[in-house]
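Working through the structure, step by step
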Amino acid sequence: MSDWPDLAGRLEDGGHVLPIRVYYEDTDFSGVVYHGAYVRFFERARSDFLRLIGIHHNEMAEGTHGASQAFAVKTMTLDFQKPARIDDVLQVHTSIAEYKGARIRLDQLIYREDQLLVSAAVTVAIISSQGRPARLPPALAERLRRFVPAENAGG
């Protein structure tokens, strides 16, 4: 993947930024981004953020670091401010608001240049292969804690 170093976005102070271009497939008949497309944009950004800090979905599922685990979205609240349109270049900003036990709260924001278009408050649960809450293995938890505001880290 070294030929495309920015494919997964970049880490910045406090989080991650992923650029996304709006394609025809992301829009409705009027050329405006369909509301469900934003959920995909947020999912890509969360996955790439985790990948860049060394937490890989496939390794978790395979149990590379211990028991088999996965992330499951528990809640997601979206607030739509302004529409994005075909060919826009957007930036998805992801930061961790809180990490405690088997729960991670993230703030995600989609911008077009300096205009906030959509915000999301997302709670993700870490679950075992049986679907029960689980804590991340210590090595992975430490990678995540580096991005948690000190007052909200309870790993």
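So, here is what we can say about the structure in this document. Source: prediction; values computed, not measured.

Here we come to the overall build of the protein. The number of helices and strands found in the protein is three helices and six strands. Of the regular secondary structure in the protein, the N- to C-terminal order runs β-β-α-α-β-β-β-β-α. Along the first, second and third principal axes, the C-alpha set of the protein runs to 45 × 35 × 30 Å. Taken over 155 residues, the protein has a buried fraction of 41%.

This part takes up helix α3 (residues 138-145). Along α3, the positions that sit buried rather than exposed are Leu140, Ala141 and Leu144. Down the axis of α3, the buried side of the element spans an arc of 100°, and every buried residue falls inside it. The inward-facing, buried residues of α3 contact α1 (35-52), α2 (57-62), β4 (89-100) and β5 (103-112).

Note on placement: Thr27 falls in the loop between β2 (15-21) and α1. Of note is the side chain of Thr27, whose polar atom sits 2.8 Å from the backbone oxygen of Tyr24. Not counting chain neighbours up to four residues away, the residues in contact with Thr27 comprise Val22, Val32, Val33, Tyr34 and Ile86.

This part covers the pairing of strand β6 (residues 115-128). When you tally the buried positions in β6, you get ten out of 14 residues, the bulk of the element. Once β5 ends, the chain turns through two residues before running back antiparallel as β6, passing Glu113 with a positive phi of about 55°.

Turning to the nonpolar core, a few remarks are in order. In this structure, Phe41, Phe71, Ile96, Tyr99, Leu136 and Leu144 are the most contacted members of the largest nonpolar core, which totals 35 residues. Going through the elements one at a time, β2, α1, β4, β5, β6 and α3 are the ones with two or more residues in this core.

Reading across the sheet, the six strands line up as β1-β2-β4-β5-β6-β3 and stay open at both edges, with antiparallel pairing between neighbours. With partners counted over all chains shown, the strands left at the sheet margins are β1 (10-12) and β3 (69-80), one partner each. Averaged over all adjacent pairs, the angle separating strand axes in this sheet is 25°, with direction ignored. Its contacts with the sheet place α1 against β1, β2, β3, β4, β5 and β6, and it is angled at close to 135° to β2.

Under the definition given, this model contains nine salt bridges. Glu12 is the salt-bridge partner of Arg10, the closest N and O atoms lying 2.8 Å from each other. Given the relative accessible area of 39%, Arg10 is considered partly exposed. When the shortest N-O distance is used, the salt bridge between Asp26 and Arg40 registers 3.1 Å. One end of the pair, Asp26, is in the loop between β2 and α1; the other, Arg40, is in helix α1, and 14 residues separate them in sequence. Under the relative-accessibility criterion, Asp26 is labelled buried at 2%. Within the structure, one salt-bridge network assembled from shared partners comprises Glu98, Lys100, Arg103 and Arg105.

Parameters at a glance
Each chain has its residues counted from 1, running along the sequence as written. Only residues with pLDDT of 70 or above have their local features reported here, since the model is predicted, and side-chain atom pairs are shown and tallied only from 80 upward, although totals for entire chains, interfaces and linings are computed over all residues. Water and hydrogen atoms were dropped before computing side-chain values, which therefore reflect all heavy atoms in the structure. Secondary structure elements are defined from DSSP: runs of H or I of at least 4 residues count as helices, runs of E of at least 2 residues count as strands, and each element is numbered from the N terminus. Remark: exposure states derive from per-residue accessible area (1.4 Å probe, protein chains only) relative to the maximum for the residue type, with buried under 20%, exposed over 50%, and partly exposed in between. Arc, as used here, means the arc of the directions from the helix axis to the C-beta atoms. Only heavy atoms matter for contacts: two residues are in contact if any of them lie within 4.5 Å across the pair. Under this definition, polar contacts are N or O atom pairs within 3.5 Å; protein pairs additionally need one hydrogen-donor-capable and one acceptor-capable atom, and for neighbouring residues in sequence, both atoms have to be side-chain atoms. In short, DSSP must find at least two bridges between two strands for them to pair. The criterion is simple. A nonpolar core is a set of buried Ala, Val, Leu, Ile, Met, Phe, Trp, Tyr and Cys residues joined through side-chain atoms within 4.5 Å. In this description, a line fitted to the C-alpha atoms serves as the axis of each element, helices being fitted only across the stretch in contact, and the angle between N-to-C directions of two axes falls anywhere from 0 to 180 degrees. A pairing counts as a salt bridge when a side-chain nitrogen of Lys or Arg comes within 4 Å of a carboxyl oxygen of Asp or Glu.

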